[in-house]
Amino acid sequence: MTRSMEDLNGHVGHRLPADFMWGYATAAQQIEGAVDEDGRGESIWDRFASAQSSKVQDGSNSNETCDSYHRYKDDVRILKQYKAKGYRFSLSWPRIIPKGGRDDPVNPLGLQYYNNLINELLAEGITPYVTLYHWDCPQALEDRYGGWRDKDEIVQDFRRYAQVCFEAFGDRVKNWITINEPYVVTIPGWFNGDCAPGRSSKRPFSADGNTETEPWIVGHNLMLAHAHAYQLYDKYYRPQQGGKLSITLNGDWVEPWSDDESSHRAAERKMAAAIGWFADPIFLGHESKIMREMLGDRLPTFTPEEWCLVKGSSDFYGCNTYTTNYIKCGGDDVSLGNSELFFQNSRGESLGDPCACPWLVSCPWGFRKHLGYLYRRYKKPILVTEAGFACKDEHLMTREEACNDVERTAYHINYLDNLLKAVIEDGVDVRSYFGWTLMDNWEWAEGYIPRFGVTYVDFKTKQRYPKDSAGAITRWFDKHLSA
Ligand code: PNW
């Protein structure tokens, strides 16, 4: 670890190592648009947003969104302007294999698009971090066999999709993430039903689904798909390509609401439900005891052969984290570990100001504690693959107002200061920070209401304009990276 001399303010300054990676993250469905172009197939999110009684808050879809399919050179230019060292983006499975399945044809124009993007990044000296699955399952697979619910089918289909991607891009891509946030895939998608494919036992909110069983099956299958992709890479591609691969898990720090025993237990259960469900099998090689206690037989089990695949199927811990909650026992929501979340504790102390999303406040000290917890428990280098903030009512502001994004700037700078403390003072091995997100985009079931970008997007003209936060982040890294 490099420790530097006095910084400009006269404090003892510390720096991150020169090879610390930073940049911005995006996802295909949220930025590409061009959903019907060049042979792309339909995704479950296209279908979800086009449903007659759409659950998307503003009734929007991502058919055009930022138009990155045509404007990827603009995106790369902006990254370059921000001096970002890396760019984390995702591949659209239905753009690459329109019908999704292992016997279905590969779309050469889909491969071409990502080849162009990767080459453009490399030409500008920006390192690609590539996510295979950021929520956009081919609708054809949902129709054919129920998508992520069918273990035997989806695992093989995903494995072949991964193979196509390693073959096509692995000579240049050395950093892979299999699946983005399996928890946010399963719980909103199959438990609450408010994200694609929108299944849940809640009628009439969802026409189909079974909250009791489906989410746990889907989570199980996501882990297996990840593990198969890991094994495939490890065995057949890593020897020549020499890259790294893991999964990205979301998770937020929880602080006991009061000092009683039951609030502490609630915190432990929430960590198990949100993180341990996936991280314990993958990083520790055993199932989460707490998940088993809560779910009993509803939690599927791995066979001994499957355990061999799942255990240790990761080269780093991919961490998406946004916020912190106070927590206490109560309620019967298994997905939260039978606990309730608050932004205020028993003494009335508040974590922060509300923003565009009801689930999000800025809590930098919680971020630091979270990194420490993950490192102590899972003992892997951590890549922060997302963190970010959406200012309140930003979608109602003029461009000038939105670009003066004081709260987002404070969020990222405070989070980065705490990341630095986690590294320097707590000895946590953090290797990257990817801000969510490069530019305003389609925020899934919340449509175009929350704006998370460090770049303002005028969705009529598709023009991009830097917000103040982008400059502040660049300056932070200028000052805090070792030469
Ligand atoms: C992430 N929560 O998802 C996703 O990876 C992004 O695609 C998304 O745009 C971003 O966060 C901002 O929402 C999350 O409710 C969505 O705690 C919701 C939660 C966490 C992560």
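Cut-offs used in this document
- Residues numbered from 1 in each chain as written.
- Predicted model: local features only at pLDDT ≥ 70, side-chain atom pairs only at ≥ 80, totals over all residues.
- Heavy atoms only, no water.
- UniProt positions renumbered as here; feature names shortened; annotations may be inferred.
- Helix = DSSP H or I, 4+ residues; strand = E, 2+ residues; numbered from the N terminus.
- Rg over C-alpha atoms; globule rule 2.2 N^0.38 Å.
- Contact = heavy atoms within 4.5 Å.
- Areas by Shrake-Rupley, 256 points an atom, 1.4 Å probe, with all protein chains shown as cover.
- Lys, Arg positive; Asp, Glu negative; His and termini not counted.
- Charge placed at Lys NZ, Arg CZ, Asp CG, Glu CD.
- Salt bridge = Lys/Arg side-chain N within 4 Å of Asp/Glu carboxyl O.
- Near = heavy atom within 4 Å.
- Polar contact = N/O pair within 3.5 Å; in protein donor to acceptor, adjacent residues only side chain to side chain.
- Axes fitted to C-alpha atoms, helices over the stretch in contact; angles between N-to-C directions.
- Parallel < 35°, antiparallel > 145°, perpendicular 65-115°, else oblique.
- Left-handed = near helix turned anticlockwise from the far one by under 90°.
- Nonpolar A, V, L, I, M, F, W, Y, C, P; charged D, E, K, R; others polar.
- Pairing = 2+ DSSP bridges.
- Phe/Tyr/Trp six-rings, centres within 6.5 Å; stacked < 30°, edge-to-face > 60°.
- Buried < 20%, exposed > 50% of the residue type's maximum accessible area, 1.4 Å probe, protein only.
- Lys NZ or Arg CZ within 6 Å of the ring centre and 35° of its normal.
- Core = buried A, V, L, I, M, F, W, Y, C linked by side-chain atoms within 4.5 Å.
- Expected span 1.5 Å × (residues − 1).

Where an unreviewed UniProt entry is consulted, the protein chain appears under the name beta-glucosidase, with the organism given as Kockovaella imperatae. For the record of the protein chain, the UniProt heading Sequence similarities (unreviewed entry) holds the text "Belongs to the glycosyl hydrolase 1 family." Its UniProt record, at the heading Catalytic activity (unreviewed entry), says of the protein chain: "Hydrolysis of terminal, non-reducing beta-D-glucosyl residues with release of beta-D-glucose."

Colleague: Can you tell me about the overall build of the protein chain, naming the residues and giving the values?
Modeller: The number of helices and strands found in the protein chain is 16 helices and 13 strands. The C-alpha atoms of the protein chain give 21 Å as radius of gyration, which agrees with the globular expectation for 483 residues (23 Å, within 12%). On the principal axes, the C-alpha backbone points of the protein chain span a range of 65 × 55 × 50 Å. Within the protein chain, contacts between residues at least 6 apart in sequence are counted, and of these 75% link residues at least 24 apart. A total accessible area of about 18,600 Å² is found for the protein chain, and carbon and sulfur atoms account for 49% of it. One way to put it: in the protein chain the 55 positive side-chain charges average out to a point 3 Å from where the 68 negative ones average out.

Colleague: Go over the pattern of salt bridges with me, naming the residues and quoting the values.
Modeller: For the coordinates displayed, the defined rule picks out 35 salt bridges. With its nearest N and O atoms 2.8 Å apart, the salt bridge here joins E287 to R292. Through salt bridges with shared partners, one network takes in E394, D405, R408, D440, R451 and K467.

Colleague: Quick rundown of the site of the ligand? Include the residues and the values.
Modeller: Close contacts around the ligand come from 13 residues, with Q30, H134, E386, E443 and W444 the closest. One nitrogen or oxygen atom from the side chain of H134 is found 2.9 Å from an oxygen atom belonging to the ligand. Within the side chain of W444, one N or O atom sits 2.9 Å away from an oxygen atom of the ligand. Taking 450 Å² as the accessible area of the ligand by itself, protein coverage stands at 86%.

Colleague: Let's hear about the packing of helix α8 (residues 182–191) against helix α10 (residues 261–284): which residues, and what values?
Modeller: One can describe the packing of α8 onto α10 by two numbers: an axis separation of 10 Å at closest approach and a directional angle of 125°. Overall, the two elements α8 and α10 adopt an arrangement that is oblique. As α8 runs across α10, the sense of the crossing is right-handed. Taking contact as the criterion, the partners of P182, Y183, T186 and I187 in α8 are, on α10, A273, A274, W277 and F278. Here the residues of the contact of α8 with α10 sort into seven nonpolar, one polar and no charged.

Colleague: Let's hear about the packing of helix α7 (residues 151–169) against helix α9 (residues 214–241): which residues, and what values?
Modeller: Remark: α7 packs on α9, axes separated minimally by 9 Å, with the N-to-C direction vectors making an angle of 30°. Relative to α9, α7 is oriented roughly parallel. At the point where α7 passes α9, the crossing takes the right-handed sense. Taken together, the residues of α9 that come into contact with α7 (itself represented by K151, I154, V155, F158, R159, A162, Q163, F166 and E167) are H220, N221, L224, A225, H228, A229, Q231, L232, Y233, Y236, Y237 and Q241.

Colleague: Which residues make up the sheet that holds strand β6 (residues 253–256), and what are the values?
Modeller: Taking strand neighbours across the sheet as the criterion, the three strands line up as β6-β8-β9 in an open arrangement whose pairing is mixed. Two strands close off the open sheet at either side, each with one partner strand: β6 and β9 (339–342). Adjacent strand axes in the sheet meet at a mean angle of 45° when their direction is disregarded. Judged from the four bridges that link them, β6 and strand β8 (residues 324–329) form a sheet pairing that is parallel. Across the sheet, residue P256 finds its bridge partner in β8, namely I327. Sheet strands in contact with α10 are β6, β8 and β9, and its direction is about 120° off that of β8.

Colleague: Residue-level account of the packing of aromatic side chains, with values.
Modeller: Under the defined criterion, the tally for this structure stands at 45 aromatic pairs. Their ring planes at 55° and their centres at 5.5 Å tell us that F166 and Y237 sit as a pair that is tilted. Of this pair, F166 sits in helix α7 while Y237 sits in helix α9; the two residues are 71 residues apart in sequence, bridging distant segments of the chain. The pair F166 / Y237 is uniform in exposure class, with both members buried. Through a chain of ring-to-ring contacts, three or more aromatic side chains come together here, namely F20, W22, Y24, Y82, W476 and F477. The ring of Y69 is capped by R95, whose NZ or CZ atom sits 4.1 Å from the centre of that ring. Its end group placed over the ring of W257, K328 keeps NZ or CZ at 3.9 Å from the ring centre.

Colleague: Give a description of the nonpolar core that names residues and reports values.
Modeller: One finds L91, W148, F169, W176 and Y433 to be the most contacted residues of the largest nonpolar core, which totals 158 residues. Once you skip the residues sitting within four places of it in the chain, W176 turns out to touch L91, V130, L132, C165, F166, F169, G170, Y233, K244, L245, S246 and F316.

Colleague: Summarise helix α5 (residues 108–123); cite the residues concerned and give the values.
Modeller: When the terminal C-alpha atoms of α5 are compared, their 22 Å separation across 16 residues agrees well with the 22 Å that a helix rising 1.5 Å per residue should span. Here α5 has its buried residues at G110, L111, Y113, Y114, N115, L117, I118 and L121. Contact partners of the buried residues in α5: α1 (28–31), α3 (68–81), β2 (86–90), α4 (93–96), β3 (127–133) and α7. Looking one or two residues past α5, G125 carries a phi angle of roughly 75°, positive in sign.

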